[in-house]
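# Inside the fold
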Amino acid sequence: MPLDDKEQRILAEIERQFYEEDPELARAVQKIERPTRIGVKLSLLGVVAGLAIVIAYVNITWVAVLGFALLVASATSLANALRLRGWRTEPSESEDSIPE
């Protein structure tokens, strides 16, 4: 949900004060990078491995269950990593509205 003009002005003022009060911390915060690329790659690998284990060991129940657990955990991790990268799962307001 986008911010309205008043909220954007308040946020800009808070940001300006942050940079004025502690510029060293502001620079440090700007340099922080999230390691989502590694998270996405590992999650994809886990999904593929979990699916392969389930298919290969479908006759050995406990191994298939472990493979399924790996698949579910990796899929959840993948969804969270993609959400952190900015991917949305729900439509935005502009997509919901009917053009007039």
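Structure's up top.
Let me sum up the structure you'll find in this document. Just so it is clear, the structure is predicted and the values come from calculations on it, not from any experiment.

Counting secondary structure elements, the chain contains 5 helices and 0 strands. Counting helices and strands in the order they occur from the N terminus, the chain gives α-α-α-α-α. Among the 100 residues that make up the chain, the fraction classed as buried is 14%. Just so you have it, the chain exposes about 8600 Å², and 63% of that area is on carbon and sulfur atoms.

Another point: the side chain of Ser43. Structurally, Ser43 is set in helix 3 (residues 36-56). Side-chain polar atoms of Ser43 contact the side chain of Ser77, separated by 2.8 Å. In this view, Ser43 contacts Ser74, Ser77 and Leu78; residues no more than four positions away in its chain are not counted.

Our next topic: the pattern of salt bridges. Across all of its chains, the model carries 2 salt bridges by this definition. With its nearest N and O atoms 2.3 Å apart, the salt bridge here joins Arg16 to Glu13. Remark: Glu13 and Arg16 occur in helix 1 (residues 5-21); sequence separation between them is 3 residues, near one turn of the helix. By relative accessible area, which is 37% here, Arg16 ends up partly exposed. Given the relative accessible area of 33%, Glu13 is considered partly exposed. Among the salt bridges present, the one from Arg16 reaches Glu20, with a minimum N-O distance of 2.5 Å.

How each quantity is defined
- Residues numbered from 1 in each chain as written.
- Predicted model: local features only at pLDDT ≥ 70, side-chain atom pairs only at ≥ 80, totals over all residues.
- Heavy atoms only, no water.
- Helix = DSSP H or I, 4+ residues; strand = E, 2+ residues; numbered from the N terminus.
- Buried < 20%, exposed > 50% of the residue type's maximum accessible area, 1.4 Å probe, protein only.
- Areas by Shrake-Rupley, 256 points an atom, 1.4 Å probe, with all protein chains shown as cover.
- Polar contact = N/O pair within 3.5 Å; in protein donor to acceptor, adjacent residues only side chain to side chain.
- Contact = heavy atoms within 4.5 Å.
- Salt bridge = Lys/Arg side-chain N within 4 Å of Asp/Glu carboxyl O.

Shape is all these values report; function is a separate question.
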